Each structure stands twice: as structure tokens, then as C-alpha cells.
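Structural overview
Given next are the chains, with one letter for each unit.
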Amino acid sequence: MPRGEAMKVVIPGGTGQVGTILDRALTAAGHEVVVLTRRPVREREVGWDGRNLGPWAGAVDGSDVVINLAGRSVSCRYTPANLQAMMDSRVHSTEVVGEAIAGAARPPRLWLQMSTATVYAHRFDAPNDEATGVLGGAEPGVPGYWAYSVKIAKNWERAQERARTPSTRKVALRAAMVMSPDRGGVFDVLLRLARLGLGGPVAGGEQYVSWIHDQDFVRAIEFLIDRDDVAGPVNLAAPNPLPQRRFMRALRAAWGVPVGLPATAWMAELGALAMRSDTELLLKSRRVVPGRLLEAGFAFDHPHWPAAAADLVRRRRRGGRSAAGAASSGRSGEGSRT
């Protein structure tokens, strides 16, 4: 499709933070966006259950791009039941999206499938790109359930790989945390901790944080839509991950908070319990870099965290404006967060 031409984009699981960012930006750019959701309430939302084929498949037939974000939120306690729900929601939704594409009379030319940077190993020694990165699951000295998170990511990507969609290019988006000024997202949570004086190093703070600015996330999606020669796993992460200690220091500086209290691992566990979240999100070292994007010629507008944090804070103080310049209307509980 010629660059700049209007597209029909279908976003399964598109009511969460990331889906809302993409919906706003793509709609503002003049594209037709259809969101598949379990609870349709707005125009352009179509009901589905994330597991079975149904009338919703008609939205996929004749579309140009499918961006599947469906999956239970990772912002929860990693109990066996929740981990199984994460696995099932990701794998089953990917499988049924593949079935819809395979059965379409006019299949989309591109299927962008959300994955996660969590697929890589917990490590400090070197960054993980797509070519040389070490996949996780066998690291010594980490909680055993961390391996299950990696297994979820691997099975998620495998479900897309196995789909028989010969007319559709497939890309797995190994996304880092998407930072936006919207309420309820990961940046909102981290900023709240910093403002409360709790934004210090956790368990020493040497674990790496990988992230991507919301505007670069949108631009990377648009870049991948335009580039017909890119398929397979692609890391969506800024090129300069940094240790958690420095990450939070830059966030505190952007807001103007002079001090952040440090936290031990057990204190982080108590905090995660209170927030109904899990310490893996804080303690796993995700040192991920965008090798394939850079090789393909993508240029980040926000490659360094201090300047990115300053921009996000400015936008937050203006009222939480998003990448598309509109206030967030995302609903929690649907769509993946990494």
C-alpha cells in the first residue's frame, strides 16, 4: 500500500493502555480503526471472546493490518491461576486471530502480534538484541516462576509462527514498557512512587530497565507497517536501557523530587503485594536493545531516558496528553502490558 494511504486497522484487545495509544494515533492519522473487545461500548468496537471465531472475523476480512494486543494484564500477583490465565489469554487469542486471517477472503497484508521483552534472560553483562540476545528460562538464582513468564512469551510467539497465513507478513513485537503520560499506565505508577518519595533504588538498583516513549512506539508501528521487508521478532525498545537506580533518578529529576528512598527486595515484595502486582516487574533485569529497527533505518526521537522523562512530565503537567494529543480513554484489564 502506498505510504500515506488510509488503511483499515483491526486491534484485538485494543482497549488497554497500548491499544488506546495506537487507536488515537492511527485514527488521528486518518485510518479506520476497529477494536475487538469483550465489552464493546463505543462506536468502532466489536465484541469477541478472544477464543472462538465469530462474526468479529468479518472485521479482519478486508482489513490492511491486524495489531493483536490481547492478553490478561501482567499487573497482578503471579499466582499459578493468574500465570495460567496469562498463558491462555495470549495463546488462545493469537491462535484465533490466525484462524480469522487464514479464513479471510481478503486477508490483511500484515499481522503485528504483541509479544514482550520478558522473553530475554535476566542479565547485566550485555544487551539483548534479536540476533545475539539470550532467551530466558534457565537463569540461575532467580525465582522459578520467572521461567514460566518466559514460557508464556515463547508460546505466544509460537502461536503466531504456526498460523498458516501465507499471504500475510507476520511480526512479533517484543515490546518493552511503553511510557506515556496517560493515567493508569506504567509511567503513571512509577511517577506516583517518585512523587511519594519512594522512587529510589530497589534491591540495589543495578537491574536494567528497558522502555520506549509512546511517540516512538507509534512511529515504530508505522515504520513496520511501511517496511514490507521486516518479519519475525522485532524489539520495540529505546536503544539506551539503563539501571533502575539511574532510571528512577532521572524520573525524580524530571518532576523535581530530590530524594527517593531505597527499598530492599523484601520491601519491594511488600509493596508489590499492596499494589496487587509482582516483584518480577521490578527486579528482572531487562537489558533489551532494538537491533532490527536500527538496522532497518528507524531513528528514535527519544533515545535517552532523561530527556524522554522530561517530555513525559511536561505532557503530564499539561493534562496527560497522549501521542495523538487526546486525553486517555483506555479501559484497564484488557490488552497486554509489558
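Keep in mind the model is a prediction, meaning the values are calculated, not measured. (Residues numbered from 1 in each chain as written. Predicted model: local features only at pLDDT ≥ 70, side-chain atom pairs only at ≥ 80, totals over all residues. Heavy atoms only, no water.)

**Looking at the overall build of the chain**
Worth spelling out the cut-off: Under the scheme used here, helices are H or I runs from DSSP no shorter than 4 residues and strands are E runs no shorter than 2 residues, and both carry numbers assigned from the N terminus. The buried label applies to any residue whose accessible area, calculated with a 1.4 Å probe on protein chains only, is under 20% of its type's maximum; exposed applies above 50%, and partly exposed to all values in between. Methods summary: accessible areas were calculated by the Shrake-Rupley approach with a probe of 1.4 Å, and residue burial reflects only the protein chains presented.
A count of helices and strands for the chain gives eleven helices and eleven strands. With 338 residues in all, the chain has 56% of them scored as buried. Carbon and sulfur atoms form 54% of the exposed surface of the chain, whose accessible area is close to 13,900 Å².

**Observations concerning the pairing of strand β5 (residues 110–114)**
Successive residues of a regular strand alternate their side chains across the two faces of the sheet. Where we set the bar: Strands pair, by our definition, only if DSSP identifies at least two bridges between them. Here, the term right-handed applies to a crossover whose path from the first strand over the helix to the second runs clockwise when the strands point away from the viewer.
Counted residue by residue, β5 has five buried out of five residues, so it is predominantly covered. Residues Leu 110, Leu 112 and Met 114 line one face of β5 and the alternating positions Trp 111 and Gln 113 line the opposite face, and both faces are buried. Direction of pairing for strand β4 (residues 65–68) relative to β5: parallel, over a ladder of four bridges. Residue Val 65 lies in a different strand from β5, and its bridge partner there is Leu 110. The parallel pair β5 and strand β6 (residues 169–175), bridged by helix α4 (residues 145–162), forms a crossover whose chirality is right-handed.

**Examining the sheet that holds strand β10 (residues 232–236)**
Heads up, the rule is: Where helices are involved, their axes are fitted lines through C-alpha atoms of the stretch in contact, as for all axes, and angles between N-to-C directions lie from 0 to 180°. By the convention used here, residues are in contact when the closest approach between their heavy atoms is within 4.5 Å.
Within the open sheet, the seven strands sit side by side as β3-β2-β1-β4-β5-β6-β10. Their pairing is parallel. The sheet is open, and its two edges are formed by β3 (45–47) and β10, each paired on a single side. Neighbour-to-neighbour, the strand axes of the sheet open up by a mean angle of 25°, direction not taken into account. In this structure, β5 lies alongside β6, joined through five bridges in parallel fashion. Following the sheet pairing, Leu 112 is matched in β6 by Val 171. Strands in contact with helix α1 (residues 17–28) are β1 (8–12), β2 (32–37), β4 and β5; relative to β2, the strand with the most contacts, it is inclined by about 160°.

**Quick look at the nonpolar core**
Our working rule: Residues belong to one nonpolar core when they are buried, are Ala, Val, Leu, Ile, Met, Phe, Trp, Tyr or Cys, and are joined through side-chain atoms within 4.5 Å.
By size, the foremost hydrophobic cluster in this structure holds 36 residues, and its most contacted members are Leu 22, Ile 67, Leu 112, Phe 217 and Leu 236. Elements represented by at least two residues in this core include exactly β1, α1, β2, β4, β5, β6, α6 (214–226) and β10. The greatest single-element share of this core, amounting to seven residues, is contributed by α6. Those residues within four positions of Phe 217 in sequence are excluded, and the remaining contacts are Val 18, Leu 22, Met 114, Ala 175, Val 178, Ile 212 and Leu 236. Counting residues in each nonpolar core, the second largest holds 23 residues, with Met 179, Val 209, Leu 242 and Val 313 among its members.

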